[in-house]
Each structure stands twice: as structure tokens, then as C-alpha cells.
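A look at the structure
Below are the chains, spelled out letter by letter.
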Amino acid sequence: MASVAIARGDDRSGNALVIGETTDRALLRGFLDRDRLFAAYALCDLEEREFRRTRWGIAREGAAVVALVLEYEGYSPQPLFVMGRDDGIAAILRDVIRPRIAYVAALPEQLPAIQTRYRVDVGGQMVRMWLDAERFRPVGDAGVVRLVPADAPELNRLYHLGFGSWLPAQAIGDGVYYGI
């Protein structure tokens with residue numbers, strides 16, 4: 001499916017955006033690599049095991065991808081990830097990726113684009129820790145263990161101390177979770 005949206009507002013080029021779905025992982029990775037820290041979860045969803053659970057909508061202006069919306073299927077509310085230009089995000093949410101209710105990962109400045117389609121109830125802000133390869137120093141055996149589905153209640157109890165997330169046991173079994 002593809003549609004054409006005539007851009008409004010800040011699009012000074014006068015070009016139409018071409019909106020559609022894609023499964024081109026190289027194209028998606030190239031766009032997500034522009035902000036690897038923000039796009040960390042979406043980059044993981046390019047892996048084979050997760051990719052089959054996703055739908056990817058993109059907006060192009062000419063040959064260039066200018067926006068992306070990722071829908072991860074199976075959970076309710078649907079997790080969405082948005083990145084890129086506001087006019088592209090709004091068009092994708094209008095014509096391609098349209099869940100009834102969603103849990104959205106977006107930068108604060110992208111909320112107006114999302115609000116063209118959805119009422120947004122602002123939730124807790126995600127905080128991420130990261131470390132680059134230059135600063136990484138292994139510490140030996142620090143008691144790190146791989147978590148298993150039976151650890152879901154304790155992991156969810158920990159999450160509830162912060163922002164109230166919930167992970168099903170299957171997500172822990174299928175994913176890569178470690179504890180210390």
C-alpha cells in the first residue's frame with residue numbers, strides 16, 4: 001500500500017511525500033542509524049526473530065526517507081516508534097500504521113505530529129543508560145545472570161518502582177534480559 005500526501009506547513013520543497021510500507025531492512029537501518037541511541041529498540045527489531053512481529057511505514061521525499069513509524073504487533077496497547085519529519089510521521093499515522101490505541105516512543109518535539117491522529121496522554125519519560133566501546137571496561141564476574149520467564153514478577157516489581165511498565169514472561173524468555 002502506498003499513498004501520496006501533499007505536505008503542508010514546513011515543507012518548502014513543494015514535493016509530495018510518498019507514504020507506504022517496507023520490509024527493506026537495509027533501508028530501515030540506514031535511516032535508524034542517524035540516531036542509534038534513540039532508535040536502539042527499533043534497531044533490535046530488525047533482527048529476524050523480532051522482524052516478523054513488526055510493520056514499518058515510511059515517508060519518502062524523492063529517494064530520501066524522511067520519516068518512519070514502526071508498529072510492534074502482539075501487545076496491547078500496540079508499541080509504536082516514530083522518528084523523522086513531522087509531516088511524514090503524521091501522514092504515516094494517517095494512511096499506513098493506524099492502531100486504535102498505542103504506547104508511543106517519540107521525542108518530545110514529535111508529539112504535535114502524533115497529535116494530528118491521536119490524543120496523547122503524556123506518561124513517564126524513558127531514561128536509558130549507554131556506554132560506548134571506548135569507555136567500556138569489563139569488570140569480571142559481577143554476578144550477572146540471564147533472566148528467565150520465572151523472573152517476570154520480580155522484574156515487573158522493579159519496573160513499577162519507576163514508571164509502571166509490564167513485561168510478560170514470554171517477552172523475557174524470547175528477549176535478552178540480564179540481572180545483577
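The structure under discussion appears in the preceding block.
This structure is a prediction, so every number in the text was calculated from the model and none was measured. (Residues numbered from 1 in each chain as written. Predicted model: local features only at pLDDT ≥ 70, side-chain atom pairs only at ≥ 80, totals over all residues. Heavy atoms only, no water.)

1. What to know about the overall build of the protein
- Helix and strand content of the protein: 7 helices and 8 strands.
- For the protein, with 180 residues in total, the buried portion stands at 36%.
- Counted over contacts in the protein with a minimum sequence separation of 6, partners at least 24 positions apart contribute 53%.
- Carbon and sulfur atoms provide 55% of the accessible area of the protein, an area that totals close to 11,600 Å². (Helix = DSSP H or I, 4+ residues; strand = E, 2+ residues; numbered from the N terminus. Buried < 20%, exposed > 50% of the residue type's maximum accessible area, 1.4 Å probe, protein only. Contact = heavy atoms within 4.5 Å. Areas by Shrake-Rupley, 256 points an atom, 1.4 Å probe, with all protein chains shown as cover.)

2. Observations regarding the pattern of salt bridges
- Counted according to the given criterion, the structure contains 13 salt bridges.
- Between Asp 33 and Arg 36 there is a salt bridge, with the nearest N and O atoms lying 2.4 Å from each other.
- Residue class for Arg 36 comes out partly exposed when judged on its relative accessible area of 48%.
- Three or more residues are tied together by salt bridges with common partners; here these are Arg 49, Glu 50, Arg 53 and Asp 174. (Salt bridge = Lys/Arg side-chain N within 4 Å of Asp/Glu carboxyl O.)

3. Focus on helix H1 (residues 25-32)
- Along H1, the positions that sit buried rather than exposed are Leu 28, Phe 31 and Leu 32. The buried side chains of H1 occupy one side of the element, clustering within an arc of 95 degrees when seen end-on.
- In this structure, the buried residues of H1 make contact with helix H2 (40-44), helix H3 (48-51), strand S3 (54-61), strand S4 (64-72) and strand S5 (78-84).
- Regarding H1, its N-cap is Asp 24, as a side-chain oxygen of that residue lies 3.1 Å from the backbone nitrogen of Ala 26 further along. (Arc of directions from axis to C-beta. Polar contact = N/O pair within 3.5 Å; in protein donor to acceptor, adjacent residues only side chain to side chain.)

4. Considerations on the nonpolar core
- By size, the foremost hydrophobic cluster in this structure holds 17 residues, and its most contacted members are Ile 19, Val 69, Ile 89, Ile 92 and Leu 93.
- When residues no more than four places from it in sequence are discounted, the contact partners of Ile 92 are Ile 19, Gly 57, Ile 58, Ala 59, Ala 67, Leu 68, Val 69 and Ile 97.
- Membership of the second largest hydrophobic core comes to 16 residues, among which are Leu 28, Ala 42, Phe 51 and Ile 58. (Core = buried A, V, L, I, M, F, W, Y, C linked by side-chain atoms within 4.5 Å.)

5. What to know about the packing of aromatic side chains
- By the definition in use, this model includes 2 aromatic pairs.
- Between the aromatic rings of Phe 38 and Phe 81, the centroid separation amounts to 4.9 Å while the plane-to-plane angle is 35 degrees, which identifies the pairing as tilted. Separated by 43 residues along the polypeptide, Phe 38 in the loop between H1 and H2 and Phe 81 in strand S5 bring together distant segments of the chain. Taken individually, Phe 38 and Phe 81 each receive the classification buried, so the pair is uniform in this respect.
- Aromatic pair Phe 51 and Trp 56: ring centres 6.1 Å apart, planes at 25 degrees, arrangement stacked.
- Take Phe 51: its relative accessible area is 10%, and that puts it in the buried class. (Phe/Tyr/Trp six-rings, centres within 6.5 Å; stacked < 30°, edge-to-face > 60°.)

6. Describing the pairing of S3
- With 6 of 8 residues buried, S3 lies mostly within the body of the structure.
- Of the pairings in the sheet, the one linking S3 to S4 comprises 8 bridges and is antiparallel in character. If you follow Gly 57 over to S4, its bridge partner there is Val 69.
- Count of turn residues in the S3/S4 antiparallel hairpin: 2 residues, of which Gly 62 carries a positive phi of about 65 degrees. (Pairing = 2+ DSSP bridges.)

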